[in-house]
Amino acid sequence: MKLLRLGPAGAEKPAVLARAGMYVDLADVVADFDESFFTQGGIDRIRPLVEERIATDAVKPLGDQRIGAPFARPHQIICVGLNYLDHAAETGQAVPTEPILFSKSPNTLIGPTDDVRIPRGATKVDWEVELGIIIGKRASYLDSVEAARDHIAGWTLVNDVSERAFQLERGGQWLKGKSAATFNPAGPWLVTQDEIPDVLDLGMWLDVNGVRRQNGSTATMIFDPFLIVHYISQFLVLEPGDLINTGTPPGVGMGSRPEIWLQPRDVMELGIDGLGTQRLTVVPAS
């Protein structure tokens, strides 16, 4: 299934994509795709209902409705840095021997067509197309990498927007460069695991103003999604609905020569095979 949320920011309603341009409304049976939904086995619970509504053609057109992030604001967003071999080479850094972890404020989450706002004082705003993991079941001290599969609700497309000067030139952890409002577009869908035969064979791309900047594949990941979930569970508790951003392939603005930074009115378009696309306009600081 492809889960999505429709409606104004802060008032999104849960739905499932039925086919291109059409959806199944679930607002009468599900409050939201949030911690409670995942904890109570919501994906398995709605599956037969969705199948029934599609079979009886109880579907509606998407039209011009806003698509929000495909899950409610999580407890936490955990990110993995330098997780692609070709991106590590691009930045001239050594390949990590263990996942590099950092956090991102959960209130950065926005939808796949919302505006990305440049924060005050920013000079080096960058893009990062990434595979996102949504946790479906509480994960703490998992016994094996294989066990992680049962704790993943599905995958989503994310853009880990970053301000590199805040991240690298202002001291301390990366949090400051990652957590400005609007810095984590997600969606359009949460795609359940059964929809993706091989999560390590997905093409991914990002354009800025129609120019291809990133063109990669999850095949060059250093640490795969299941290893990442197992690894993180050894250090902290992952709750249902939490998001993990798993790293980006080469082609970020910081790795360009000369460096390229996002400016007001720039348009980012990005996608991952099977996970949909985003179109985001950059707007100036307020």
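Please refer to the structure placed before this passage.
Remember, predicted model here, so these are calculated numbers, not experimental data.

**Q** I keep staring at the sheet that holds strand E19 (residues 276–283) and nothing clicks. Help me out?
**A** Two modes of strand pairing occur in sheets, parallel and antiparallel, and in both the strands are linked by backbone hydrogen bonds. Judged by pairing direction, the sheet is mixed, and its 5 strands sit side by side in the order E8-E19-E18-E15-E16 without closing on themselves. The open sheet has two free edges, formed respectively by strand E8 (116–117) and strand E16 (211–217), since each of these has just one partner strand. Across 5 bridges, the pairing between strand E15 (residues 203–208) and strand E18 (residues 267–272) is antiparallel. Along E18, the bridge assignment pairs Asp207 with Glu269.

**Q** Is there a simple way to explain the sheet that holds strand E17 (residues 243–245) in this structure?
**A** Taken in spatial order, the 10 strands line up as E4-E3-E2-E1-E14-E11-E10-E17-E5-E6 in an open sheet, and their pairing is mixed. Each edge of the open sheet carries a strand with a single partner, namely strand E4 (60–61) and strand E6 (100–104). Both strand E10 (residues 129–135) and strand E11 (residues 152–159) contribute to a ladder of 7 bridges, which runs antiparallel. Residue pairing across strands places Leu131 opposite Leu157, the latter belonging to E11.

**Q** Can you help me understand unusual backbone geometry in this one?
**A** Excluding glycine, most residues fall at negative phi; most peptide bonds, likewise, are trans. The step from Gly187 to Pro188 runs through a cis peptide bond, and the omega angle for that step is 25°. With respect to the secondary-structure elements, Pro188 resides in the loop between strand E13 (184–185) and strand E14 (190–192). In this structure, the amide linkage connecting Arg257 to the following residue, Pro258, adopts the cis form with an omega of 0°. With respect to the helices, strands and loops of the structure, Pro258 is situated in the loop between E17 and E18. Look at Tyr141: it is not a glycine, yet its phi comes out positive at around 50°. Tracing the backbone shows Tyr141 in the loop between E10 and E11.

**Q** Got a minute to help me understand the nonpolar core in this structure?
**A** Nonpolar side chains in soluble globular proteins tend to end up buried together. In this structure, Leu4, Trp155, Val229, Ile244, Met268, Ile272 and Leu275 are the most contacted members of the largest nonpolar core, which totals 53 residues. Cys79, Ala153, Ala186 and Leu243 belong to the second-largest nonpolar core, a separate cluster that totals 26 residues.

**Q** Is there a simple way to think about the packing of aromatic side chains in this case?
**A** The geometry of an aromatic ring pair comes down to the distance between the two centres and the angle between the two planes. One pass over the structure, following the stated rule, counts 5 aromatic pairs. Measuring from centroid to centroid gives 5.9 Å for Trp155 and Phe226, while their planes differ by 80°, and the two rings are edge-to-face. Placement of the pair is Trp155 in strand E11 and Phe226 in helix H6 (residues 225–233), with a sequence separation of 71 residues. Its relative accessible area of 2% is what places Trp155 among the buried residues. Ring centres of Tyr231 and Phe235 lie 4.9 Å apart, and the angle between their planes is 50°; this geometry places the pair in the tilted category.

**Q** Any chance you could explain the layout of surface pockets here in plain terms?
**A** Vacant regions in the atomic arrangement are exposed by a probe of water-molecule size rolled over the atoms. In this model, the largest pocket occupies a volume close to 290 Å³. Taken together, 15 residues form the lining of the largest pocket, with Ile43, Asp44, Asp150, Ile152 and Ala153 sitting closest to its centre. When contributions to the lining of the largest pocket are tallied by element, the ones reaching two or more residues are helix H1 (35–39), helix H2 (42–55) and E11. Ranked by the residues each element gives to the lining of the largest pocket, the list is headed by H2, at 4 residues. Looking at the lining of the largest pocket residue by residue, the classes come out as 4 nonpolar, 6 polar and 5 charged. The space that makes up the second largest pocket amounts to roughly 220 Å³. If you trace the second largest pocket, you find 15 residues lining it, with Arg5, Gly10, Glu12, Arg73 and Leu109 closest to the centre.

Conventions used here
Residues numbered from 1 in each chain as written. Predicted model: local features only at pLDDT ≥ 70, side-chain atom pairs only at ≥ 80, totals over all residues. Heavy atoms only, no water. Pairing = 2+ DSSP bridges. Helix = DSSP H or I, 4+ residues; strand = E, 2+ residues; numbered from the N terminus. Core = buried A, V, L, I, M, F, W, Y, C linked by side-chain atoms within 4.5 Å. Buried < 20%, exposed > 50% of the residue type's maximum accessible area, 1.4 Å probe, protein only. Phe/Tyr/Trp six-rings, centres within 6.5 Å; stacked < 30°, edge-to-face > 60°. 1 Å grid on protein atoms, 1.4 Å probe; cavity = no way out; pocket = protein on both sides within 12 Å on 5 of 7 lines; lining within 4 Å. Points joined across faces, edges and corners; volume = space filled by probe spheres on them. Nonpolar A, V, L, I, M, F, W, Y, C, P; charged D, E, K, R; others polar.

Everything listed here is a matter of geometry and, on its own, says nothing about what the molecule does.
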